[in-house]
Number of protein chains: 2
Amino acid sequence: MRVDRLFTDVRLATMAGHRPGLGIVEDGVLATRDGRIAWVGERRDAPLFDAREVIRGEGRWLTPGLVDCHTHLVWAGDRSREFERRLEGASYEEIAREGGGILATVRATRAASFEELVRAALPRLDALLAEGVTTVEIKSGYGLEPATEYRQLATAAALERERAVRIERTFLGAHALPSEFAKDREGYLRLLCDEMIPRVARERLASAVDVFCERIAFSPEETRRVFEAARAHGLRLKLHADQLSDSGGAALAASFAALSADHLEYANAQGVQAMARAGTVAVLLPGAFYCLREKQLPPIESFRRAGVPMAVATDCNPGTSPLQSLLLALNLAATLFRLTVTECLLGVTRNAARALGLEDDRGTLEIGKRADLALWAIERPAELVYWMGARLLSARWVGA
Amino acid sequence: MRVDRLFTDVRLATMAGHRPGLGIVEDGVLATRDGRIAWVGERRDAPLFDAREVIRGEGRWLTPGLVDCHTHLVWAGDRSREFERRLEGASYEEIAREGGGILATVRATRAASFEELVRAALPRLDALLAEGVTTVEIKSGYGLEPATEYRQLATAAALERERAVRIERTFLGAHALPSEFAKDREGYLRLLCDEMIPRVARERLASAVDVFCERIAFSPEETRRVFEAARAHGLRLKLHADQLSDSGGAALAASFAALSADHLEYANAQGVQAMARAGTVAVLLPGAFYCLREKQLPPIESFRRAGVPMAVATDCNPGTSPLQSLLLALNLAATLFRLTVTECLLGVTRNAARALGLEDDRGTLEIGKRADLALWAIERPAELVYWMGARLLSARWVGA
């Protein structure tokens, strides 16, 4: 069998659904051709290969490249001062008066050029890639006006030309109400639904639309309106749901067959059942939970019992989750949310791909999937969750 | 003025006690000669330098090299299975029956050669160094028998030959009671006090002695006995104090003028006052607090009011803090313990040096101190605490 790259002497965590747990193959072989997995399995079952390149893993673990399925990676400005002021005891009101909060990031992002946004985003992206990430979802949402929203999405697209990584773009114009529309919610919703979403779809600036459905952002009724516009234009749906209060976001996301509902600390029982029926992925974001020092845990046991697939992501953003490590998100998910090691690792591979609608294309080591791969200097897959701040990656390939 | 290295166009966080807060110099210059700081201050006050090498910081921040003043970095074996089992719901009893816990690490460390211990420790050390650490304290305590305790300390010493770093060694033979002495506490205490401590002192295997004073380890009375032996042999003192219960450890450490008392979640008011009087540093270890999901916070506000210097460290160990990032320890200290940014950064520089008795030698940018330096690609020092999992170091020097 003629192939491009042959990986031998590797242990595989295939994450494939037809195998139990992590889909482990202890004495594995994987071969790629034209950027796809051409063969994968036990060495004893392997055909003879004629490979351009042979990579001997020396017993290390090979996994699918990791998928960070929820980030706000592109922004300008610095919120570390706000972090510092909060620790000094400043109230949220004082910080708002000092010009802090999400609108501070909106101001800085509006003022930043495309080149400045690329330059600011690259170190954050590089930190993710250094831990084996090969696909990153990036949302807009710090423009809240057409030009800046499109510039954020164009920046996200440009990152894919700067680095070996796949970027999935999501339009989050409905992240917050911009101050110039403070007295005209209807006007901003029209701008979103009648101008921005049609253009995002027409020019393929993003493949999905997200909404922050929360008392401090958009109501369930407003969310429905944005979702209907997005659906009408053929865009897929994601939802920031039930993070700070129960607004029925989980059920709302499910009723639109959204790819994912994200955060979900306050999701209710009906919402969980609806997500299970709709196949909507629960994207857990323990970085924000940790940084905000939340007490309300997402209903993990209910997701388990109902069979809702769970993913884990960094939520990398300047206000509530300045987290640039997907492996650390796994440790937080295990420690704070009590996800098992298997749930954690499926949550940044198979289920994270599904949260982006890419489950047929990546997230597992199976024939035909993209050859996005990570090789790890570890003895057991659990180490990817157990260690904090360790440097475990040996190498990664995107479309090997 | 003839110097070796000249750092210009840098912002300095000197951490010097004669300046407020972080001792910031916005337009700074630093010069080194013979591995020491020869000049430091404002550019406008600087003399003319004749330097072998000039390093232009392009406005980046220069700080003292960071000091990780409490680690158990040298061990063999893998406890990730235990971590995984706990997440699957296994009880501590089940894990003990499966051979887990601290004695699992003792078994593996006893079985490991010097070379194996070096090989296991290096990646952990490298992770620390990649974040600007230049001094690491390493404790023994996974041998609990003479040969292995000495081998751990020899390994720690060897790391200093393998990498550009300063290692401070602490003898922690009183970490746990080894199982072969389960029915003979007196026998192990005699082995510690009459054989191991004298030899550690005589052969300069360590500069300090530490004890785990806790119901599950050694009593205050036993701790006193070990401390008296250590003091008699000219060794300095540190104490694992009041981590899981109030055993009066803080006051006990202070009564011996120990360099530091570490953990301290359950330290009582008298202990805090005694530490302030004795000048004993409070070493906070938020990694263990986080991993154990503790609820009892150390008495931070009492330390502040009493003027007890606070340090922060990784406590890097396989059971309760598999943490290889000192910057992440800072984020945990801020988020969970509400330390301010200034307290955090003094806690891994000036106060960490003091916790090792090295305050005259390092931990600040002052004339005469060692030229252990870290250069950071950040806009504000607060970013060192604010980000999680970011890669912020531009360069580091040990004895520049």
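Residues numbered from 1 in each chain as written. Chains lettered and ligands numbered in written order. Predicted model: local features only at pLDDT ≥ 70, side-chain atom pairs only at ≥ 80, totals over all residues. Heavy atoms only, no water.

### What about the side chain of Lys238(A)?
Residue and element names in this part refer to chain A. Our working definition: Counting from the N terminus, the helices are the DSSP runs of H or I reaching at least four residues and the strands are the DSSP runs of E reaching at least two. Burial status follows relative accessibility: with a 1.4 Å probe on protein chains alone, a residue under 20% of its type maximum counts as buried, one over 50% as exposed, and anything between as partly exposed. The positive count covers Lys and Arg only, the negative count covers Asp and Glu only, and His and the chain ends enter neither. Each reported salt bridge corresponds to a side-chain nitrogen of Lys or Arg within 4 Å of a carboxyl oxygen of Asp or Glu. Whenever two N or O atoms come within 3.5 Å, that pair is a polar contact, provided that in protein one can donate a hydrogen and the other can accept it, and provided that, for residues adjacent in sequence, both atoms are side-chain atoms.
Here Lys238 is to be found in strand 10 (residues 236-241). It is Asp262 that comes nearest to the buried, bridge-free Lys238 among opposite-charge side chains, at 4.8 Å. Within the local environment of Lys238, its side chain forms a polar contact with the side chain of Ser260, the two groups lying 3.0 Å apart.

### Points about the domain arrangement of chain A
Residues and elements named next belong to chain A. We count it as follows: Either an automatic procedure or a domain database provided the assignment from which the domain bounds are taken. Working rule for contacts: check all heavy atoms of both residues, and any pair within 4.5 Å makes them a contact. We define buried area as the total accessible area lost by two parts upon association, computed with a 1.4 Å probe and summed across both.
Each assigned domain of chain A is listed here: domain 1 (2-64 + 364-397) and domain 2 (66-355). Once you take the C-alpha centre of each, domain 1 and domain 2 turn out to be 30 Å apart. Taken together, the contact between domain 1 and domain 2 spans 25 residues of the former and 23 residues of the latter. For the domain 1 and domain 2 pair, buried surface summed over both sides reaches about 1,800 Å², with 63% attributable to carbon and sulfur atoms. When the buried surface of domain 1 facing domain 2 is broken down by residue, Met15, Val385 and Arg396 rank first, second and third, together holding 34% of it. Linking domain 1 to domain 2 there are one salt bridge. Between Asp372 and Arg166 there is a salt bridge, with the nearest N and O atoms lying 3.5 Å from each other. Between the two partners, domain 1 and domain 2, sit seven residue pairs in polar contact (both at pLDDT 80 or more).

### Some points on the pattern of salt bridges
Under the counting rule described, the total for this entry stands at 60 salt bridges over all chains. The partner of Arg43(A) in a salt bridge is Asp27(A), and the shortest N-O contact between them spans 3.1 Å. Residue Arg43(A) is located in the loop between strand 3 (36-42) and strand 4 (50-56), and its partner Asp27(A) is located in strand 2 (residues 24-33); the two are separated by 16 residues in the primary sequence. The class of Asp27(A) is partly exposed, set by a relative accessible area of 31%. With a shortest N-O distance of 3.7 Å, Arg110(B) and Glu145(B) are connected by a salt bridge. In this pair, Arg110(B) is assigned in helix 3 (residues 102-111) and Glu145(B) in the loop between strand 7 (133-139) and helix 5 (146-162), connecting sequence segments 35 residues apart. Arg110(B) sits in the partly exposed class, given a relative accessible area of 25%.

### Considering the packing of helix 5 of chain B against helix 6 (residues 185-202) of chain B
All names here are of chain B. Short version of the rule: Note on geometry: axes are C-alpha line fits, over the in-contact stretch for helices, and angles between N-to-C directions span 0 to 180 degrees. What sets the label is the angle itself: under 35 degrees gives roughly parallel, over 145 gives roughly antiparallel, 65 to 115 gives roughly perpendicular, and the rest give oblique. Take the far helix as your reference; a near helix turned counterclockwise from it by less than a right angle gives a left-handed crossing, and one turned clockwise gives a right-handed crossing. Each residue receives one of three labels: charged for Asp, Glu, Lys and Arg, nonpolar for Ala, Val, Leu, Ile, Met, Phe, Trp, Tyr, Cys and Pro, and polar for the others, Gly being one of them.
As a packed pair, helix 5 and helix 6 sit with axes 11 Å apart at the nearest point and diverge in direction by 30 degrees. With respect to each other, helix 5 and helix 6 are oriented roughly parallel. Remark: the crossing between helix 5 and helix 6 carries right-handed chirality. Together, Pro146, Glu149, Tyr150 and Leu153 of helix 5 and Leu191, Glu195, Met196, Arg199 and Val200 of helix 6 make up the contact between the two elements. For the contact of helix 5 with helix 6, the residue count by class is six nonpolar, no polar and three charged.

### Describing the sheet that holds strand 8 (residues 166-174) of chain B
Residue and element names in this part refer to chain B. Using the following cut-off: Strand pairing requires that DSSP identify at least two bridges connecting the strands.
Strand order in the open sheet formed by eight strands is 6-7-8-9-10-11-12-13, and the pairing between neighbours is parallel. The open sheet terminates on both sides in strands that have one partner only, identified here as strand 6 (66-68) and strand 13 (310-312). Taken pair by pair, the neighbouring strands of this sheet meet at an average axis angle of 25 degrees, ignoring direction. Relative to strand 13, strand 12 (residues 281-284) runs parallel, the two being bridged by three bridges.

### As for the relation of the copies chain A and chain B
Counted only if it meets this: In superposing the copies, a least-squares fit is computed on C-alpha atoms, taking residues whose pLDDT is at least 70 in both.
Between chain A and chain B, which share one sequence, the superposing operator has a rotation angle of 180 degrees and an axial displacement of 0.0 Å; the RMSD is 0.0 Å. Accordingly, the operation relating the two chain copies is best matched by a two-fold axis. Identified as the residue of chain A closest to the rotation axis by C-alpha distance is Gly389(A), at 3.3 Å.

### Comments concerning the interface of chain A and chain B
Listed as interface residues are 41 residues of chain A and, on the opposing side, 41 residues of chain B. For the interface between chain A and chain B, the tally reads two salt bridges. With a closest N to O distance of 2.7 Å, Glu84(A) and Arg380(B) form a salt bridge. Viewed at the interface, chain B and chain A are joined by 14 residue pairs in polar contact (both at pLDDT 80 or more). Among the secondary structure elements, those contributing two or more residues to the side of chain A that touches chain B are helix 1 (80-87), helix 4 (114-129), helix 10 (286-291), helix 12 (326-337) and helix 15 (383-386) of chain A. Here the side of chain A that touches chain B is built from residues that sort into 22 nonpolar, seven polar and 12 charged.

### Notes on the nonpolar core
In plain terms, the rule: Here, nonpolar core refers to any group of buried Ala, Val, Leu, Ile, Met, Phe, Trp, Tyr and Cys residues whose side-chain atoms link them within 4.5 Å.
In this structure, Leu159(A) and Leu159(B) are the most contacted members of the largest nonpolar core, which totals 224 residues. Once residues within four sequence positions are removed from consideration, Leu159(B) is found in contact with Leu73(B), Val74(B), Val118(B), Ala121(B), Leu122(B), Leu125(B), Ile138(B), Val165(B) and Ile167(B).

### A closer look at the environment of Asp50(B)
All names here are of chain B. Of note, Asp50 is situated in strand 4 (residues 50-56). Exposure remark for Asp50: the relative accessible area of 46% places this residue in the partly exposed category. Taking the C-alpha atoms as reference points, Asp50 and Thr364, 314 residues apart in sequence, are found 24 Å from one another. With residues near it in sequence (within four places) discarded, Asp50 still touches Met1, Arg2 and Val3.

### What to know about the sheet that holds strand 8 (residues 166-174) of chain A
Residues and elements named next belong to chain A. Spatial ordering of the open sheet is given by 6-7-8-9-10-11-12-13, a layout of eight strands whose pairing is parallel. A strand with exactly one partner marks an edge of an open sheet, and here the two such strands are strand 6 (66-68) and strand 13 (310-312). For this sheet, the mean angle separating the axes of adjacent strands, direction not counted, is 25 degrees. Across four bridges, the pairing between strand 10 and strand 11 (residues 260-263) is parallel. Note on strand 11: the bridge partner recorded for Lys238 is Ser260. Helix-sheet contacts for helix 5 (residues 146-162) involve strand 7 (133-139) and strand 8, and the interaxial angle to strand 8 is about 170 degrees. Of the strands in this sheet, strand 9 (208-213) and strand 10 touch helix 7 (residues 220-232), which is tilted by about 175 degrees from strand 9.

### Side note on helix 3 (residues 102-111) of chain A
Among all positions of helix 3 of chain A, only Ala104(A), Thr105(A), Val106(A) and Thr109(A) are buried. In this structure, the buried side of helix 3 of chain A is in contact with helix 4 and helix 5 of chain A.

### Details of the environment of Arg166(A)
Examined against the element boundaries, Arg166(A) turns out to sit in strand 8. Between the C-alpha atom of Arg166(A) and that of Thr134(A), which follows or precedes it by 32 residues, the distance is 6.2 Å.

### Some points on the pairing of strand 2 (residues 24-33) of chain B
Residue and element names in this part refer to chain B. As paired elements, strand 1 (residues 2-13) and strand 2 share six bridges and run antiparallel to each other. Residue pairing across strands places Leu6 opposite Ala31, the latter belonging to strand 2. Strand direction decides the pairing type here: strand 2 and strand 3 (residues 36-42), joined by six bridges, are antiparallel. Its bridge partner lying in strand 3, Thr32 is registered against Ile37. A loop of two residues connects strand 2 with strand 3, the two strands running antiparallel in sequence, and Asp34 in this loop sits at a positive phi of about 55 degrees.

### As for unusual backbone geometry
Backbone geometry places Met15(A), a non-glycine residue, at a positive phi of 60 degrees. Here Met15(A) shows up in the loop between strand 1 (2-13) and strand 2. Of note in the backbone geometry, Asp315(B) takes a positive phi value of approximately 60 degrees without being a glycine. Residue position: Asp315(B) is located in the loop between strand 13 and helix 12 (326-337). Look at Asp315(B) and you get buried, because its relative accessible area is 2%.

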